[in-house]
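Topology and contacts: notes
Below, each chain spelled out in residue letters.
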Amino acid sequence: MQFRDIFSLAYSSVSANRLRAGLTISIIAFGIMALVGILTATESMKNSIYSSFASMGANSFSIQNRALRIFMGDGPDAKKSDKQKKKVKTSNANIPITWVEAREFSRRFSFPATVSVSVTASGAATVYRGDSKTNPNIQVIGGDENYLDFSNYKLKEGRNFNQLDMETGRNVAILGTDVAKKLFGDAMKNVINSNIRVGNVRYRVIGLLETKGNSGFMSADKVVVTTVTNTRRIYGGNTMTYNIGVSVKDINHMDAAVGEATGLFRIIRHLHVNEEENFYISKSDSIGEMLFSNLAYVAGAAALIGIITLFGSAIGLTNIMLVSVAERTREIGVNKALGATKTVIRRQFVYESIIISVMGGALGVLLGMLVGNVVSLLMHTSFVIPWFWIFMGISLCAGVGLMAGIFPAIKASKLDPIIALRYE
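Every residue gets a number counted from 1 within its own chain, in the order that chain's sequence is written. Since the coordinates come from a predicted model, pLDDT governs what is reported: local features require at least 70, and pairs of side-chain atoms require 80 or more to be given and counted, while whole-chain, interface and lining totals use all residues. Excluded from the side-chain calculation are hydrogens and water; included are all heavy atoms of the structure.

Brief notes about helix α7 (residues 177-184)
We count it as follows: Per-residue accessibility, obtained with a 1.4 Å probe over protein chains only, is compared with the maximum for each type, and a residue is labelled buried under 20%, exposed over 50%, and partly exposed between these values. Labels follow the DSSP assignment, with helices taken as runs of H or I lasting at least four residues and strands as runs of E lasting at least two, numbered in each case from the N terminus. Arc definition: it is the arc formed by the directions from the helix axis to the C-beta atoms.
Among the residues making up α7, those that are buried are Thr177, Val179, Ala180, Leu183 and Phe184. Looking straight down α7, one finds that the buried residues subtend no more than 160 degrees of arc, so they occupy a single side.

So, the pattern of salt bridges
Put simply, the test is: The salt bridge definition used is simple: a Lys or Arg side-chain nitrogen within 4 Å of an Asp or Glu carboxyl oxygen.
By the definition in use, this model includes five salt bridges. Of the charged contacts in the structure, one is a salt bridge between Glu104 and Arg108, with a shortest N-O distance of 2.7 Å. Of this pair, Glu104 and Arg108 both sit in helix α4 (residues 99-108), four residues apart, which is roughly one turn of that helix. Under the relative-accessibility criterion, Arg108 is labelled partly exposed at 34%. Beyond isolated ion pairs, a larger network of salt bridges with shared partners links Arg159, Asp165 and Arg170.

Things to note about a nonpolar patch on the surface
Applicable threshold: Patch members must show over 30% relative accessible area and no salt bridge, and they are joined within 9 Å when carrying like charges or within 5 Å when they are nonpolar side chains of Val, Leu, Ile, Met, Phe, Trp or Tyr. Note on areas: these come from Shrake-Rupley sampling with a 1.4 Å probe, and a residue is covered only by the protein chains present in the view.
Judged by side-chain polarity, Leu366, Leu370, Phe383, Ile385 and Trp387 come together as a nonpolar surface patch covering roughly 560 Å² of accessible area. Residue placement: Leu370 occurs in helix α12 (residues 342-379).

Re the packing of α4 against helix α9 (residues 254-268)
Filter applied, for reference: Between N-to-C directions, angles span 0 to 180 degrees; the directions come from axes that are lines fitted to C-alpha atoms, helices contributing only their stretch in contact. An angle counts as roughly parallel when it lies under 35 degrees, as roughly antiparallel when it exceeds 145, as roughly perpendicular when it falls between 65 and 115, and as oblique in every other case. With the far helix as reference, a near helix turned anticlockwise by less than a right angle produces a left-handed crossing, and one turned clockwise produces a right-handed crossing. Every residue pair with non-hydrogen atoms within 4.5 Å of one another is taken to be in contact. Residues are sorted three ways: Asp, Glu, Lys and Arg are charged, Ala, Val, Leu, Ile, Met, Phe, Trp, Tyr, Cys and Pro are nonpolar, and all the rest, Gly among them, are polar.
Where α4 contacts α9, the axes come no closer than 10 Å and their chain directions differ by 135 degrees. Comparing their axes, α9 and α4 come out oblique. The two elements α4 and α9 meet at a crossing, and its hand is right-handed. On α9, the residues touching Glu101, Glu104, Phe105 and Arg108 of α4 are Ala261, Leu264, Phe265, Ile267 and Ile268. Considered class by class, the residues forming the contact of α4 with α9 number six nonpolar, no polar and three charged.

Observations concerning helix α8 (residues 228-235)
For α8, the full list of buried residues reads Val228, Thr229, Asn230 and Thr231. Check the buried side of α8 and you find it contacts α4, β2 (113-125), β5 (138-143), α6 (163-168), β9 (201-209) and β10 (223-227). With its phi angle positive at about 90 degrees, Gly236 sits one or two positions after the end of α8.

Quick look at the packing of aromatic side chains
Note the threshold: Think of it this way: a Phe, Tyr or Trp ring, Trp meaning its six-membered ring, pairs with another when their centres are within 6.5 Å, and the plane angle makes it stacked under 30 degrees, edge-to-face over 60, tilted otherwise.
Under the definition given, this model contains six aromatic pairs. With a centroid separation of 5.0 Å and 15 degrees between ring planes, the pair formed by Phe105 and Phe109 is classed as stacked. Accessibility classification places Phe105 together with Phe109 in one group, the buried group. Geometrically, the ring pair formed by Phe109 and Phe111 is stacked, given 6.1 Å between the ring centres and 25 degrees between the ring planes. Its relative accessible area of 8% is what places Phe109 among the buried residues.

So, the environment of Ile244
For Ile244, the location among the structural elements is in strand β11 (residues 243-248). Distance in space between the C-alpha atoms of Ile244 and Val119 is 8.7 Å, their sequence separation being 125 residues. The residues contacting Ile244, other than those within four sequence positions of it, are Phe61, Ser62, Ile63, Ile97, Ala102, Phe105, Val115, Ser116 and Phe265.

Considering empty space enclosed by the protein
Unoccupied space between atoms shows up once a probe the size of one water molecule is rolled over them. How we decide: Grid spacing is 1 Å over the protein atoms alone, the probe is 1.4 Å, and a cavity is where that probe fits but cannot get out, while a pocket is an open set with protein on both sides within 12 Å along at least five of seven lines and lining residues have an atom within 4 Å of a point. Grid points are joined across faces, edges and corners, and a volume is the space filled by probe spheres set on the points.
In this structure the tally under the stated criterion is one cavity of 30 Å³ or more. Approximately 80 Å³ is the volume attributed to the largest cavity. Lining the largest cavity are Ser13, Val14, Asn17, Arg20, Ala21, Ile320, Met321, Ser324, Arg328, Glu352 and Ile356. Counting residues per element, the ones that place at least two in the lining of the largest cavity are α1 (3-16), α2 (18-54), α10 (284-327) and α12. In terms of residue count, α10 provides more of the lining of the largest cavity than any other element does, three residues in total. Across the lining of the largest cavity, the residue classes tally to five nonpolar, three polar and three charged.

Thoughts on the side chain of Arg266
Put simply, the rule is: Under this definition, polar contacts are N or O atom pairs within 3.5 Å; protein pairs additionally need one hydrogen-donor-capable and one acceptor-capable atom, and for neighbouring residues in sequence, both atoms have to be side-chain atoms.
Following the sequence through the fold, Arg266 ends up in helix α9. Taking the relative accessible area as the measure of exposure, Arg266 reaches 15% and is therefore buried. One polar contact links Arg266 to Glu277, side chain to side chain, over a distance of 3.2 Å. The contacts of Arg266, once residues within four sequence positions are left out, are Leu271, His272, Val273, Glu275, Glu276, Glu277 and Phe279.

As structure tokens, this is what we get:
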């Protein structure tokens, strides 16, 4: 018999037992859906992280008083941070970066780069305008005249902070797009020179930022930017820790800039030669790499779930095929009496197993891709089609079908046609 004839017989047998085949297909489909769905969602998260941190610029780094630690479990980066912490004297650890230190660094750093000093005044502020108000999730940031460039913000209307704003610390603010839409409507008319209230403090709006794009990890448009001197006056600058941002003009000089910044800030913080740094320098791209490495744990968990489910599916499929052999003993006897060889019988049952498994895999891949891309919609990233995992998922299912069908197929091919025909 030709391949087409054997395949047709196998497909007809599967179609004749729809309930049994459907249940087996569903078991396989859910396993593949979990695998492909989690990996598609992970890819969406990576795209979101990449777009978020790419907007910060690959040629920039920040100086902070604490290490940014993002990890799941005890990874190598976590161990390195713990080791570094042990070298820092307890009395020197996590000392805030003061306004005087940040300003002195900005004045003395002579490398060809742009230095920005900023501070987060609040991450849960409410902004008011008349009867309109935002949710209490607005970030209030105090920055200098270089902050917008360092953070890759662009002005849509209005102006940046000038020297008088910085010196006097007067109440002027630049609004993010989401804040402006909430207070002024989608049209965002008459924003410039209008008055708003952040908490109990009134501000005059001098600028409106272009949308920077939101992601599931960052909401860069829910922000109110005022001067760093204003935040010191309003929110109490003595208890704050300041962030120093450095944007290097030539990315090839990044390492040299980091080295010079480290040496200068050690001098500013009066650290001895035998003391470790009590501040941390983080590059924009290194933060993204930390998150990427942590997402590998999610991908590994997804692969483990998929393997366990496929193993269970293989056992279930083998059992189903054995039941099918027992139920169709008489049919096998008739086929052998009509001239079907052992090879034909083996191939028919193997094809049936592969058909069921591949159909389950195809359905699982489709469902997994749809479920995974729900994350893409929530994070406002592009639709992800994981071609590699689509191919791998269907290939794995075909392999599972082959392995699960071999033993029942061999058992069916060894049936004696005389005994099989007498089977009731």
